[in-house]
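Here are the chains, one letter per residue:
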Amino acid sequence: LADEKKSAINAFRNPIGSPPLRELFSPEDRVVIVTCDNTRPLPNKRIIPWIFEELNFIPVKNFTVVLGTGSHRPCTEAEIETMFGREIADSIEIINKIASGEEIFLNSSYIEADKRITLGFIEPHFFAGFSGGPKALMPGIAAIENIMQFHSFDMISNASAAWGIMDGNPLQVMAAQSASLVKPDFSINVTLTPKHKITGFFCGDLIEAHRRGAEFVKKTSMTGVDAPFDIVITSNSGHPLDRNFYQAVKGICAAGEIIKDGGSIICIAECGDGIPDNSEFHEIMRKGSNPDHLLGLIKDPSFPRMEAWQAQKLASVLTRAEVHLFSSIPPVETAEILCTYCENPSETLKKLLIKNSNARIAVLVYGPLSIPYLKKSGGV
């Protein structure tokens, strides 16, 4: 966008399926804003001051921000300052949503507010179809039991739980139904370039605006190919999406869409936070001697572990292809996550080409931000 702020204000005043932002709020309202945690590149530092400016008749002290961490760890004070800037971090209450075991549905700060705003960004998602929209609430600020249901083996295994699919996707259905119980008054979603520049605002009604944004993303971020590839080189689009291997699974799954059975994926992701080390995901991956064994464990109803869904998606790719991981994760831990340690991507590629000099190769520069699909399979 030539002028991000001007575009934001225009979207606030001319929303999709909703009255303008200013018309929905009163000076005495206590307002909660739900936004992403630090594993997402949503430019909170830019967008939230524009919301304050548009709602300048409401005292800043009346605002609370809830971080939709889902099942992720809480953000630290330093991370919050990086996400929002010191001025915002000091002037309003910012809450890490902790997934509890209590019989609650959504975070109480969200429920008890007078008015509610959700922030998100829309990109292809490997089992929810697209991120953003109602995912801010489910799983963003939901109770742990709800998060587990949302990511259950059967939900993730559904054929419609895939990149770019909205209609019939059970996760989108559950997210929309959950959000409808306490629907936000206004939803703000953006689309981004890989360098986190804003390309569009989709504001207004939670579902309608999200649908409009998803249609835009499908046209601009998904590409059909005629045949699968022997080798796919992928990333997780750099910081912050590749901060750990848990997130980098998305880039691997994007490659999995077009890899031949028996093919090789080279994933390049920094993973500065490790797997994360000693996380539930790490512990689950350690339990599988091979991908098929791991899938069998996860499918068992007596195995209700947090983050099993990410292991399930990874194992599904690993049953068809080997993954060479170039990251800061050491060799021993790389083996624990059933991947092959890659010391040098160029050398790994050379070795693979010695085995198959005529290999078809695809490069996904931005990993999960640019999703390929096989045209003959019907695409999306």
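From a predicted model like this one, the values you see are computed outputs, not experimental measurements.

**Some words on the overall build of the protein**
Line of reasoning, step 1. Along its length, the protein carries 15 helices and 15 strands.
Line of reasoning, step 2. C-alpha atoms of the protein, sized along the principal axes, occupy 70 × 45 × 40 Å.
Line of reasoning, step 3. By residue count, 57% of the 380 residues in the protein fall in the buried class.
Line of reasoning, step 4. When the accessible surface of the protein is summed, it comes to about 16,000 Å², and 50% of that surface belongs to carbon and sulfur atoms.
Line of reasoning, step 5. Computed over 37 positive and 44 negative side-chain charges, the inter-centroid distance for the protein is 6 Å.

**Describing the environment of Tyr110**
Line of reasoning, step 1. Tracing the sequence through the fold places Tyr110 in helix 5 (residues 108–112).
Line of reasoning, step 2. Counting along the chain gives 31 residues from Tyr110 to Ile141, while the straight-line C-alpha distance between them is 8.5 Å.
Line of reasoning, step 3. When neighbours within four sequence positions are excluded, Tyr110 is seen to be in contact with Val32, Val34, Arg116, Leu137, Ile141, Val182, Lys183 and Pro184.

**Overview of the pattern of salt bridges**
Line of reasoning, step 1. Tallied over the full model, the rule gives 18 salt bridges.
Line of reasoning, step 2. Glu53 is the partner of Lys5 in a salt bridge, and the nearest nitrogen-oxygen pair spans 2.9 Å. Of this pair, Lys5 sits in helix 1 (residues 4–13) while Glu53 is found in helix 2 (residues 44–54), placing the two residues 48 residues apart along the sequence.
Line of reasoning, step 3. For Arg13, the salt bridge identified is with Glu54, shortest N-O distance 2.9 Å. Taken together, the positions of Arg13 in helix 1 and Glu54 in helix 2 put the pair 41 residues apart, joining distant regions of the chain.
Line of reasoning, step 4. A network of salt bridges, in which partner residues are shared, links Glu79, Arg243 and Asp273.

**Overview of helix 13 (residues 308–318)**
Line of reasoning, step 1. The buried count for helix 13 comes to 10 of 11 residues, which makes it a mostly enclosed element.
Line of reasoning, step 2. Restricting attention to buried positions, one finds in helix 13 the residues Ala308, Trp309, Gln310, Ala311, Gln312, Lys313, Leu314, Ala315, Val317 and Leu318.

**Let's talk about the nonpolar core**
Line of reasoning, step 1. Ranked by size, the top nonpolar core spans 77 residues in total, and within it Phe245 and Phe281 carry the most contacts.
Line of reasoning, step 2. Per-element tally for this core: the top contributor is helix 10 (residues 245–256), with eight residues.
Line of reasoning, step 3. Beyond its immediate sequence surroundings of up to four residues, Phe245 is in contact with Ile252, Cys271, Gly274, Ile275, Phe281, Leu314, Leu325, Ile329, Ile337 and Cys339.
Line of reasoning, step 4. Counting residues in hydrophobic clusters, the runner-up holds 38 residues, among them Phe12, Cys36, Ile47 and Phe121.

What counts, and at which threshold
- Residues numbered from 1 in each chain as written.
- Predicted model: local features only at pLDDT ≥ 70, side-chain atom pairs only at ≥ 80, totals over all residues.
- Heavy atoms only, no water.
- Helix = DSSP H or I, 4+ residues; strand = E, 2+ residues; numbered from the N terminus.
- Buried < 20%, exposed > 50% of the residue type's maximum accessible area, 1.4 Å probe, protein only.
- Areas by Shrake-Rupley, 256 points an atom, 1.4 Å probe, with all protein chains shown as cover.
- Lys, Arg positive; Asp, Glu negative; His and termini not counted.
- Charge placed at Lys NZ, Arg CZ, Asp CG, Glu CD.
- Contact = heavy atoms within 4.5 Å.
- Salt bridge = Lys/Arg side-chain N within 4 Å of Asp/Glu carboxyl O.
- Core = buried A, V, L, I, M, F, W, Y, C linked by side-chain atoms within 4.5 Å.

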